[in-house]
Amino acid sequence: MGKSKTTKFKRPQFNTAGFPTSAVKEADAKGEEHDDEDDGCPAAELLEKLQSPSADVREFACASISRVVQQSQTIPGFLQRDAVRRLGPMLLDSSLAVRETATGALRNLSACGGQEVCEDMAKHDVMTPLTALLRECCAGFESAAVQMNDQKNAVEDVANEAVNLLWNLCESSNQALTVFNKSGLLDVVVQCLERHPHNVELAISAAHCLHTVTEDNPELLCSINTAVLGALETVLLSSQPGMAHTLLRTLAAGTLWNVKGSLPVARQAQTLSAVVATLSQCLDLDAGTLIPDLRQAEEERHSNAPAVTDMEDQAAGELAVEEMDEEEEAPKHKRNGKAARVDNDFSDLLPRGKEELREAMALLTAQQTSLEIIVNMCCSDDPSDDEWEETSSSDESEMGADGLCDGVSNLMSPLCLSAEVHGALINHSIPEKVLKKTQFPRQEAMDVCHQNPSWKSLIKKMQRVQSRALTCLHSILSTMDAESLGGAAALQGAAQHLSTLVFGAEELPKDVEFLEAVISAMRSLLQMIASKNIPQHMTLQQLMSLSEAATRCEVVSVRVNAVAILGITGSTLAKEKGTAETLQMIGNALLQVATRDADLVVNGEALDALFDVFADGDEAETAAKNIQLLPALKALQPVFKAKIRKEGRGKYSPQQLCVLDNIKVNLRRFIGYLEKVAKK
């Protein structure tokens, strides 16, 4: 249905465990039912210990709550007993250790409980003690009263937990974000960022938080002053080695992109160049080589160190890694109608003996973030982007509404790149680097991660970088012209590469995230190739695989894009001699989808593809007669109209209905065209 529109990348919410959004309400409803029978939940006993006069007991209780709530089924028991209200004052406990463990407990509760729990925390005014705690921590950074290194580190450890909690709350709660905007917390978090020469872990937490709160938050922009910009630029231009600092610079780049409207005009071009250079340097790193090297370094360090704590470290490391593994299954929530993301970075919870694993995680997080930032750079700030996102039931283009609604569509006209952004991306070879990241993770790195339980979660992270690269490639293809991307030869090479990703195995990939991303990128690429009349060839077996995806895949966006690719390929083949038989196969597949698919958007895409394939040419006419296209469409027409009338208003958005109405009109016109052809 026309060109697939590129949309801003909204990071999905990955939390450590999927917790139903109705949990707080259910907990409240059950609150009157619970008595002394705890059904094995230790909530009552642990919460009672928070009132102990002994700091050690309070610390133990907070640490235990922090551990227990990582099992999401225990969270309702804590919520029923007012855990949020009872833990809040502990943030300002007289004991520094209690402050840290209490903040950690609330952090885990916010991460594992999800959006509803975060909103409940904001309602219970957790932001007030949290704000006070952060201010005290920042005052303690340079306080003359704090002389001992271990004491200073303890203050920064508390600050790290507090910033992570703040990050979670602002990501999921409008109320918390409003408090952030109005309470001067920006300056406090920037102070934590400025600790990067001494404590990169705290600085990364602060950078994550800043990257989140500056996204689509115009109210905060007026608070962005020269001090804030200076701190971000200092981090951006820093040169410390290591993957942690690479991640830090990447997050600073993303934050500067978010606040670009606050930059002085004279510095905008220079800052943009520095931002893209940072992303480019991050993408230059080869995870396939670095991850085996880091694993080898870990083994060498262990072989030269006492083995007494190895088992304990491995157990602790595997626990933190399990938490990160579960992010894959998390539900999506929204803040301001946009997909939100709760703290899924548990690398700071890894034991101190896992430095190499920490570095590997930082590398992959940095590359994923870099790709997400580039996606957003390829998108306009048009408010309609958000509306578009709301109409789609999946991350990637399920409908290209602008094609038919606007009448004749220029398939691949650059959508929204300014000359400055376009130039920066090209100057730093971003398209080539993104294409390279779409390759499958190197087998050596995969094998290394398979062999060690602590490293196993990196496999999913490597696969996610590949999927993000494919999404990024889709955005780049939607916003740049063929010449900027290297011309015909480069596009044909990219098409061959994507075909290998999709069709290299005996059957289509099973991973939904990867399949959505790669099919979407392939559609954009083939649209560009077709618009430039560049030769492209798909084998009969590949077309059959696409036909299967178009009819059997459960994901709507995959079906839509598979149908669109059939249409693009068919319309190209219709211009060649001796292709009638292949066109018949494509036509039958598209008719099946248009007739039988349960989703109207997919039906519409299939009809639109049929219009393209059989619009002109002797081969198309022959194929259309052989598959009885005219009677089939005549029979389908009243069914399609009735389906729009019956299902359209309640199930589909105004934009989707606009497209469907246009297809309904085009169907009538196309039937008229086929009737004229039949009378020849």
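Residues numbered from 1 in each chain as written. Predicted model: local features only at pLDDT ≥ 70, side-chain atom pairs only at ≥ 80, totals over all residues. Heavy atoms only, no water.

Participant: Teacher, can you tell me more about the overall build of the protein chain here?
Facilitator: Counting secondary structure elements, the protein chain contains 34 helices and 2 strands. Buried positions account for 59% of the 680 residues belonging to the protein chain. For the protein chain, restricting intrachain contacts to residue pairs at least 6 apart in sequence, the fraction spanning at least 24 positions comes to 81%. Total accessible area on the protein chain is roughly 28,100 Å²; 50% of this is exposed by carbon and sulfur atoms. (Helix = DSSP H or I, 4+ residues; strand = E, 2+ residues; numbered from the N terminus. Buried < 20%, exposed > 50% of the residue type's maximum accessible area, 1.4 Å probe, protein only. Contact = heavy atoms within 4.5 Å. Areas by Shrake-Rupley, 256 points an atom, 1.4 Å probe, with all protein chains shown as cover.)

Participant: Can you help me understand unusual backbone geometry in this one?
Facilitator: Excluding glycine, a negative phi dihedral is what most residues carry, and trans is how most peptide bonds are arranged. With a phi angle near 65 degrees, Asp125 is a residue other than glycine that sits in the positive phi range. Following the sequence through the fold, Asp125 ends up in the loop between α7 (115–123) and α8 (127–141). Backbone geometry at Ser429 places phi at a positive 55 degrees, although glycine is not the residue there. Here Ser429 shows up in the loop between α22 (419–427) and α23 (430–437). Assessed through its relative accessible area of 28%, Ser429 is described here as partly exposed.

Participant: Please explain the packing of aromatic side chains as it appears in this structure.
Facilitator: The geometry of two aromatic rings is summed up by the distance between their centres and the angle between their planes. Counted under the stated rule, the structure contains 3 aromatic pairs. Ring centres of Phe440 and Phe514 lie 5.7 Å apart, and the angle between their planes is 35 degrees; this geometry places the pair in the tilted category. On the criterion of sequence distance, the pair formed by Phe440 in the loop between α23 and α24 (443–450) and Phe514 in helix α27 (residues 512–531) is long-range, its members being 74 residues apart. Among the residues examined, Phe440 registers a relative accessible area of 47% and is labelled partly exposed. Site record: aromatic cluster; members linked through ring pairs are Phe611, Phe670 and Tyr673. Its guanidinium or amino end placed over the ring of Trp257, Lys260 lies 4.1 Å from that ring's centre, counting from NZ or CZ. (Phe/Tyr/Trp six-rings, centres within 6.5 Å; stacked < 30°, edge-to-face > 60°. Lys NZ or Arg CZ within 6 Å of the ring centre and 35° of its normal.)

Participant: What should I look at first to understand the nonpolar core in this one?
Facilitator: Nonpolar side chains in soluble globular proteins tend to end up buried together. Residues Leu166, Ile291, Ile374, Leu607, Phe614, Leu629 and Leu633 are the most contacted members of the largest nonpolar core, which totals 201 residues. Residues in contact with Leu633, not counting those within four places in the same chain, are Leu591, Leu607, Leu610, Leu667, Phe670, Ile671 and Leu674. (Core = buried A, V, L, I, M, F, W, Y, C linked by side-chain atoms within 4.5 Å.)

Participant: Would you explain helix α3 (residues 55–68) in this entry?
Facilitator: Because an α-helix packs 3.6 residues into every turn, residues spaced three or four apart end up facing the same way. Given a rise of 1.5 Å per residue, 14 residues ought to cover 20 Å, and the 20 Å separating the end C-alpha atoms of α3 matches this to within 8%. For α3, the set of buried residues is Arg58, Ala61, Cys62, Ser64, Ile65, Ser66 and Val68. As for α3, its buried residues are in contact with α2 (43–49), α4 (75–80), α5 (83–87) and α6 (96–113). (Expected span 1.5 Å × (residues − 1).)

Participant: Is there a simple way to explain a positive patch on the surface in this structure?
Facilitator: Side chains of Lys641, Arg645, Arg668 and Arg669 sit close together on the surface and give a patch of like positive charge. When contributions to the positive patch are tallied by element, the ones reaching two or more residues are α33 (629–651) and α34 (654–678). Relative to the helices and strands, Arg645 is located in helix α33. (Patch = residues over 30% accessible without salt bridge, like charges linked within 9 Å, V, L, I, M, F, W, Y side chains within 5 Å. Salt bridge = Lys/Arg side-chain N within 4 Å of Asp/Glu carboxyl O. Lys, Arg positive; Asp, Glu negative; His and termini not counted. Charge placed at Lys NZ, Arg CZ, Asp CG, Glu CD.)

Participant: Teacher, can you tell me more about the environment of Gln175 here?
Facilitator: Relative to the assigned elements, Gln175 resides in helix α10 (residues 174–182). With 57 residues separating them in the primary sequence, Gln175 and Cys118 have C-alpha atoms 9.7 Å apart. The residues touching Gln175, leaving out its near neighbours within four places in the chain, are Ala122 and Lys123. A polar atom in the side chain of Gln175 sits 3.2 Å from the backbone oxygen of Ala122. (Polar contact = N/O pair within 3.5 Å; in protein donor to acceptor, adjacent residues only side chain to side chain.)

Participant: Please explain the packing of helix α15 (residues 243–258) against helix α19 (residues 355–377) as it appears in this structure.
Facilitator: Any two packed helices are characterised by how steeply their axes cross, that is the angle between the axes, and by the distance between the axes. Where α15 meets α19, the closest approach of the two axes is 8 Å, and the angle between their N-to-C directions is 20 degrees. Between α15 and α19, the angle falls in the class roughly parallel. Like other packed secondary-structure pairs, α15 and α19 cross with a definite hand, here left-handed. Along its contact with α15, which presents Met243, Ala244, Thr246, Leu247, Thr250, Leu251, Gly254 and Trp257, the element α19 presents Glu359, Ala362, Leu363, Thr365, Ala366, Thr369, Ser370, Ile373, Asn376 and Met377. Residues that form the contact of α15 with α19 fall into these classes: 10 nonpolar, 7 polar and 1 charged. (Axes fitted to C-alpha atoms, helices over the stretch in contact; angles between N-to-C directions. Parallel < 35°, antiparallel > 145°, perpendicular 65-115°, else oblique. Left-handed = near helix turned anticlockwise from the far one by under 90°. Nonpolar A, V, L, I, M, F, W, Y, C, P; charged D, E, K, R; others polar.)

Participant: Looking at this structure, I do not really get α24. What am I missing?
Facilitator: Of all the positions in α24, only Ala445, Met446, Val448 and Cys449 are classed as buried. Down the axis, α24 shows its buried residues gathered within 160 degrees of arc, on one side only. (Arc of directions from axis to C-beta.)

Participant: Looking at this model, I keep getting lost on the pattern of salt bridges. Mind explaining?
Facilitator: Side-chain pairing between opposite charges can occur once the charged atoms of the two side chains come close. Per the counting criterion, the structure on display carries 23 salt bridges. Between Glu136 and Arg99 there is a salt bridge; the shortest N-O distance is 2.9 Å. Of this pair, Glu136 sits in helix α8 while Arg99 sits in helix α6, and the two are 37 residues apart along the sequence. The class of Arg99 is buried, set by a relative accessible area of 13%. A salt bridge links Arg442 to Asp286, with the shortest nitrogen-to-oxygen separation between them at 2.9 Å. In this pair, Arg442 is assigned in the loop between α23 and α24 and Asp286 in the loop between α16 (265–284) and α17 (287–303), connecting sequence segments 156 residues apart. Taking the relative accessible area as the measure of exposure, Asp286 reaches 32% and is therefore partly exposed. Among the charged side chains, a network of salt bridges with common partners joins Glu372, Arg464, Arg468 and Glu513.

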